[in-house]
Amino acid sequence: MSDEAARAGGAADEYEIVAGAIFRDGRLLLAQRIRPPELAGMWELPGGKVEAFETPQHALERELAEELGVVVRCGRRIGVDVALGRGRVLRAYRVDILAGEPAALDHAQLAWVDADDLEKFDMVVNDQAWIPDLLTELRRL
Ligand code: 523
C-alpha cells in the first residue's frame, strides 16, 4: 500500500484533508495562510491532513487545537467534496467551539466575516467551491 493509501485508514485510493467552518454571531471564521509561498496571503477554512488511523472528525479537532488553540467538536459536513488530485480529497465540516478563543497560532491572521464580506476575501481556489454553501448558511443565521 502506498503512503497515501495508508493515510486513508482503509480506503485504497484516497486520503482526506479536513477543514472547519466555524460560525458565530452571523459570521464565519477565515484564516490567512502563511505557506506554501503560492498560497501565502490567501484565506481558507483552517484544517489539515488526516493522519493514519485517525478519523476525519478527530483529525479536524486536533488540527484546530494546534492551529487555533481551541477545543472543538466536529459536526456535519458542509459543501462539496473537492478533489485535489493524487487521491486527495478536501472536505469541510461544521465545527463548534467548546472552549477557548481562536488565535492565529499557525496563520498570519484570522477574520470573522459576514455574507457581504465573504466574497471580498481572496480565498484559496480549493475553498472557493464551498462559497455558495457558506453564503447560504451565513444568510440563514
Ligand atoms: N488545503 C486547502 N484548503 C484548506 C486546507 C485546510 C488545506 O486547499 N482549507 C490544501 C493545502 C495543502 C493541503 O490541503 O495543499 C494540506 O493542507 P495543510 O498544509 O493545511 O495541511 P497540514 O496542516 O496537515 O500540513 P502541514 O502544514 O504540513 O502541517
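To keep things clear, this report deals only with the structure shown in the data block. Just so you know, the residues in each chain are numbered from 1, in the order the chain's sequence is written. Totals for whole chains, interfaces and linings use all residues, but because this is a predicted model, local features are given only for residues with pLDDT of at least 70 and pairs of side-chain atoms are given and counted only at 80 or more. To get the side-chain values, all heavy atoms of the structure are used, and hydrogens and water are removed first.

A look at the overall build of the chain
Applied cut-off: Helix and strand assignments come from DSSP, with helices taken as H or I runs of at least 4 residues and strands as E runs of at least 2, each series counted from the N terminus. Buried, partly exposed and exposed residues are distinguished by accessible area as a fraction of the type maximum, computed with a 1.4 Å probe on protein chains only: under 20%, between the cut-offs, and over 50%, respectively. Here, residues are in contact when the closest pair of their heavy atoms is within 4.5 Å.
Of the regular secondary structure elements, the chain holds 5 helices and 8 strands. Reading the chain from its N terminus to its C terminus gives the helix and strand order α-β-β-β-β-β-α-β-β-β-α-α-α. Counting across all 141 residues of the chain, residues that qualify as buried make up 43%. Sequence-distant contacts, at least 24 apart, represent 65% of the contacts inside the chain between residues at least 6 apart.

A look at the pattern of salt bridges
Put simply, the rule is: Counted as salt bridges are all cases of a side-chain nitrogen of Lys or Arg within 4 Å of a carboxyl oxygen of Asp or Glu.
Counted according to the given criterion, the structure contains 12 salt bridges. Residue Arg24 is joined to Glu101 by a salt bridge in which the shortest nitrogen-to-oxygen separation is 3.0 Å. Linking Arg24 in strand S2 (residues 23-24) with Glu101 in the loop between strand S7 (88-99) and strand S8 (110-113), this pair joins segments that are 77 residues apart in sequence. Given the relative accessible area of 32%, Arg24 is considered partly exposed.

Thoughts on the side chain of Glu67
Quick reminder of the rule: Here Asp and Glu are counted as negative and Lys and Arg as positive; His is not counted, and neither are the chain ends. Definition of a polar contact: a pair of N or O atoms within 3.5 Å, with one able to donate and the other able to accept a hydrogen when the atoms are protein atoms, and with sequence-neighbouring residues admitted only if both atoms are side-chain atoms.
Topologically, Glu67 is positioned in helix H2 (residues 56-68). The charged side chain of Glu67 is buried without a salt bridge, its nearest counter-charge being Arg35 at 5.9 Å. One polar contact links the side chain of Glu67 to the main-chain amide nitrogen of Gly47, over a distance of 3.4 Å. Once residues lying within four places of it in the same chain are set aside, the contact partners of Glu67 are Pro46, Gly47, Ala103, Ala104, Leu105, Asp106 and His107.

So, the site of the ligand
Definition in use: Only heavy atoms are used to decide nearness, and a residue is near a molecule or strand if one of them lies within 4 Å of it. Gly counts as polar in this scheme, as do all residues outside two lists: the nonpolar Ala, Val, Leu, Ile, Met, Phe, Trp, Tyr, Cys and Pro, and the charged Asp, Glu, Lys and Arg.
Around the ligand, 15 residues are found, and the nearest of them are Arg35, Leu45, Lys49, Asn126 and Asp127. Within the contact set of the ligand, an oxygen atom lies 3.4 Å away from a side-chain nitrogen or oxygen of Glu63. Separating an oxygen atom of the ligand from a side-chain N or O atom of Asn126 is a distance of 2.7 Å. Only strand S1 (15-21), strand S5 (47-49), H2 and helix H4 (125-128) provide two or more residues apiece to the shell around the ligand. The element that contributes the greatest number of residues to the shell around the ligand is S5, accounting for 3 residues. Among the residues forming the shell around the ligand, the class breakdown is 5 nonpolar, 3 polar and 7 charged.

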